[in-house]
Amino acid sequence: LPEVCTKRVELIREAIPTLIRAAILVNPANPSHLMALTAAQRAASALGLELVPIEVKARDDIAAAITSVATRPASALVAIEDPLVISNAKQIAGFALQNRLPLIGFTPQAEAGALMEYGADIRELFYRSAAFVDKILKGTPPGDLPIERAVKFELIVNLKTAKTLDVTVPLTLIARAD
């Protein structure tokens, strides 16, 4: 998760080279968010980008959080996966688009109007999971199976949203998109 969030910060900056301040949605109840936030802030600092954490603790916080980002001088939004954020992916993408905030998140958000998505290829993860299930069903004890990290990642650029937000995504970034 920290590596994915770091890459999202790098990609949103690459998509909008003039970006100087971005917000990042953080659920303080999720312990993994502290690691992801620290890594993302380190990457942002190296890029000369200020990264402002915006807390969302419940579904009812989302609209107010995104509206507060739009009224602050932040010019983009970064999402970190979390059950709350995942279950409200379309709502977050919709509010970001409504408030003219370029958002980088995960696949359902890109499908719902986020500017970009970067993350592990979910289809590949399910395929690998099936291979593990197959080995277990054939008698391999689960404790004997190696831990695997995602190796295939995808980048989606939503050109319709880019046009709506008047963002000219560099061709080098579009060429790398899946």
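Up top is the structure these notes are about.
In short, a report on the structure. Keep in mind the model is a prediction, meaning the values are calculated, not measured.

Calculation notes
- Residues numbered from 1 in each chain as written.
- Predicted model: local features only at pLDDT ≥ 70, side-chain atom pairs only at ≥ 80, totals over all residues.
- Heavy atoms only, no water.
- Buried < 20%, exposed > 50% of the residue type's maximum accessible area, 1.4 Å probe, protein only.
- Helix = DSSP H or I, 4+ residues; strand = E, 2+ residues; numbered from the N terminus.
- Pairing = 2+ DSSP bridges.
- Core = buried A, V, L, I, M, F, W, Y, C linked by side-chain atoms within 4.5 Å.
- Contact = heavy atoms within 4.5 Å.
- Expected span 1.5 Å × (residues − 1).
- Patch = residues over 30% accessible without salt bridge, like charges linked within 9 Å, V, L, I, M, F, W, Y side chains within 5 Å.
- Areas by Shrake-Rupley, 256 points an atom, 1.4 Å probe, with all protein chains shown as cover.
- Salt bridge = Lys/Arg side-chain N within 4 Å of Asp/Glu carboxyl O.

Remarks on the pairing of strand β5 (residues 116-120)
Extensive coverage of β5 is indicated by the burial of five of its five residues. In the sheet, strand β4 (residues 103-105) pairs with β5 via two bridges, with the strands oriented parallel. Residue G105 lies in a different strand from β5, and its bridge partner there is E117. Pairing between β5 and strand β6 (residues 153-157): five bridges, direction antiparallel.

Some details on unusual backbone geometry
Phi at R100 is positive, roughly 60°, even though this residue is not glycine. With respect to the secondary-structure elements, R100 resides in the loop between α5 (89-98) and β4. When its relative accessible area of 46% is taken as the criterion, R100 is described as partly exposed. Backbone geometry places D166, a non-glycine residue, at a positive phi of 55°. Examined against the element boundaries, D166 turns out to sit in the loop between α8 (159-164) and α9 (171-176). Judged by its relative accessible area of 65%, D166 falls in the exposed class.

Quick notes on the nonpolar core
In this structure, V9, I12, I24, L115 and M116 are the most contacted members of the largest nonpolar core, which totals 32 residues. Those elements giving two or more residues to this core turn out to be α1 (2-15), β1 (21-26), α2 (32-46), β5 and β6. In terms of residue count, α1 provides more of this core than any other element does, six residues in total. If near-sequence neighbours (up to four positions away) are discounted, V9 is found in contact with A40, A43, A44, L47, L49, L51 and V78. Counting 21 residues, the second-largest nonpolar core is a separate cluster that includes L25, V69, L84 and I92.

A look at α1
Within an α-helix, residues lying three or four positions from one another point in the same direction, as the helix has 3.6 residues per turn. Taking 1.5 Å as the rise per residue, α1 with 14 residues should run 20 Å; its terminal C-alpha atoms sit 20 Å apart, in good agreement. All of the buried residues along α1 are V4, C5, T6, R8, V9, L11, I12, R13 and A15.

Observations regarding a nonpolar patch on the surface
On the surface, a nonpolar cluster with roughly 300 Å² of combined accessible area is contributed by I122, L125 and F126. Inspection of the secondary structure puts I122 in helix α7 (residues 122-137). Residue I122 is classed as partly exposed on the basis of its relative accessible area, which comes to 43%.

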